[in-house]
Amino acid sequence: MDETQHMARAFLGVTESATGRRWVGPSVEQDRAAEAMAQDTGLPLPLCHTLARRGVESADAAAFLAPKLRDLLPDPRSLRDMDDAAARFLAALDAGQRIAIFADYDVDGGTSAALLISWLRDMGCDATLYIPDRIDEGYGPNDDAMAMLAADHDLIVCVDCGTLSHGPIAAAIGADVIVLDHHLGGETLPDCVAVVNPNRQDEDGALAHLCAAGVVFLMLVEVNRRLREAGKQGPDLIALLDLVALGTVADVAPLIGVNRALVRQGLAVMARRKRVGLVALSDVARMDSAPSSYHLGFLLGPRVNAGGRIGKADLGARLLACTDPRAAQAMAERLDQLNTERREIESSVREMALEQAEARGFDAPLVWAAGEGWHPGVVGIVASRLKEATNRPAVVIGLDGDEGKGSGRSVSGIDLGAAIQRLASEGLLIKGGGHKMAAGLSVARDKLEPAMARLSELLAKQGAGDIGPADLRLDGVLMPGAASVELIEQIEQAGPFGAGAPAPRFAFPDCQILFTKRVGADHLKLTFGDGLGARIDAISFGAMDGPLGIMLANHGGARFHLAGRLEVNTWQGRQSVQLRLEDAAPA
């Protein structure tokens, strides 16, 4: 594409906004599809734009807006080894055998463990929970822990880990092992009863978007089906969907297909406030409205994660499975405190990592940084920040002695997990693995530079070095007078929004800035209007840290195109329209 064509497609003529991005609007085909859908269905045009962007046809709009889990839930037996996993799990329950759950220390691992603990408890079985310490043991099963669990248990279920753990699983002498995971599989699988994983190399990839909590839920669906066949009643699985939703959103699994239905239904279950641990956590996080995917990803998820990052690894999972309100309150408060500490540690590491990565250059196929004593619990979050700042795959590593432990985050279209796995197979890493968008690794200090050089080379072959600044994709134009609480609620029916299903963004063209106020350290509140009486309040988080806030705060009466996501703001029981402002450009 030549430069002229590139510029001609800029939405509202914005080729470089306040944040340095080109605005891209709906294609001509999407515009036509949206207009036709609005005529066919009577749905509002902004909602039709949102649906057309997702590739939804007019005939399917009603079903898409009201997804039913029973229509979208796959047959669990479509996953390899599911029959063996469900049969062995039930056999352990029937025989009164001792069951241990070995889980990863993140939210997906914690929710997966809580799913199994809750289900088993309802069936009269108390399982042992084991979550490795991030610093002392690292990710996934290890020989000592598995041997110890095997000495006292008949069955070990590894959740959100285990697919690459050939040695540690072999160390579980005397116990059977089931793996319920979603991380990329290698050429061979560990020798155990079952490895249920939609990302095994011999799977067709149809369910590759499931997180571990989704895989665990599918096994419980199959186990309940077998119980019904035997004339027995299993626990209520719908009541467990709040945990599946939290795991799915916090693990940044794409909200498409069955994931969308699981999260949608899970949010409804969470709103009933029946799970003691989640109620306590919601209250310490000061959640004052119905739960949304935003709350799961930015309020609850980070707090559940905080235990695994810088505190006691099993704290989040124990809270999620807790049935005692007083114990839950104490755990939720501790996680909230740990999350505050995590933010402080992260801020310090982020500053150093950004400085180091900038010195190396943000234009390389890989942006990376490594530092002495950087806390392994925050390197993943800092990698996310680097990725967001540069629109490049990013890896951040904390060095300690002869070894570094790191975490990577990728951008759309670049498979970081496969590249990290390749690096491990070439002997440049002690170990490494993950999935397309995120990966973990351990590397010897003396191999750090060659490993990162080789990773950069592998990512360059996928096109990581050719990515420009991220375009801001917009779903259409909206006038302030047309933005209503009712419209936002209708658009929300196309949700939940998150990874793989971004919330629709709209541009408000040629607007007047009527009021601005700096709030907190670096946020900007403003009110804008169309000059005809209609006005909307907006908030832009972190805007004063960069050119966006400075431009708008010093508007001098100029008019601007404003872009962002609409949301309903609830204050003292009253609802109003608010724009979550993400970008602006002179009109």
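Residues numbered from 1 in each chain as written. Predicted model: local features only at pLDDT ≥ 70, side-chain atom pairs only at ≥ 80, totals over all residues. Heavy atoms only, no water.

## Some thoughts on the environment of Gly 140
Right, on to step 1. As for its position among the elements, Gly 140 is in the loop between β3 (128-130) and α8 (143-152).
Right, on to step 2. When sequence neighbours within four positions are dropped, the list of residues in contact with Gly 140 reads Phe 102, Pro 132 and Cys 161. (Helix = DSSP H or I, 4+ residues; strand = E, 2+ residues; numbered from the N terminus. Contact = heavy atoms within 4.5 Å.)

## Some remarks on the packing of aromatic side chains
Right, on to step 1. Scanning the model with the defined rule gives four aromatic pairs in all.
Right, on to step 2. Judged by centre distance (5.5 Å) and plane angle (65°), the rings of Phe 508 and Phe 528 are edge-to-face. Taken as a pair, Phe 508 in strand β13 (residues 506-519) and Phe 528 in strand β14 (residues 523-529) lie far apart in primary sequence, 20 residues in all. Residue Phe 508 shares its accessibility class with Phe 528, and that shared class is buried.
Right, on to step 3. The ring of Trp 368 is capped by Arg 360, whose NZ or CZ atom sits 3.5 Å from the centre of that ring. (Phe/Tyr/Trp six-rings, centres within 6.5 Å; stacked < 30°, edge-to-face > 60°. Buried < 20%, exposed > 50% of the residue type's maximum accessible area, 1.4 Å probe, protein only. Lys NZ or Arg CZ within 6 Å of the ring centre and 35° of its normal.)

## Considerations on the sheet that holds β14
Right, on to step 1. The five strands lie next to each other as β13-β14-β15-β17-β16, forming a closed barrel whose pairing is mixed. The mean inter-strand angle of the sheet, taken between neighbouring strand axes irrespective of direction, is 45°.
Right, on to step 2. Relative to strand β17 (residues 574-586), strand β15 (residues 535-540) runs parallel, the two being bridged by three bridges. Following the sheet pairing, Ile 539 is matched in β17 by Arg 580.
Right, on to step 3. Along the sheet, helix α20 (residues 485-492) makes contact with β13, β16 (559-571) and β17, crossing β17 at roughly 80°. (Pairing = 2+ DSSP bridges. Axes fitted to C-alpha atoms, helices over the stretch in contact; angles between N-to-C directions.)

## Overview of α8
Right, on to step 1. Within α8, burial applies to Ala 145, Met 146, Leu 149 and Ala 150. Along α8, the residues classed as buried sweep out an arc of 130° about the axis, all on the same side. Set apart from the buried face of α8 by more than 90 degrees, the exposed residues are Asp 144 and Ala 151.
Right, on to step 2. Those residues of α8 that are buried are in contact with β2 (99-103), β3, β4 (155-159), α9 (166-170) and β5 (176-180). (Arc of directions from axis to C-beta.)

## Considerations on the confidence of the model for the protein
Right, on to step 1. Mean pLDDT over the protein stands at 94; residues scoring 70 or higher make up 99%.
Right, on to step 2. Every residue in residues 1-8 is under pLDDT 50, and counting partners more than four places away or in other chains gives four contacts. (pLDDT = per-residue confidence, 0-100.)

## Re the sheet that holds β5
Right, on to step 1. Taking strand neighbours across the sheet as the criterion, the five strands line up as β3-β2-β4-β5-β6 in an open arrangement whose pairing is parallel. Every interior strand has two partners, whereas the edge strands, β3 and β6 (194-196), have only one. Averaged over all neighbouring strand pairs, the angle between strand axes comes to 20°, with direction disregarded.
Right, on to step 2. Bridge count for β2 against β4 is five bridges, and the pairing is parallel. Note that in β4 the partner of Phe 102 across the bridge is Cys 158.

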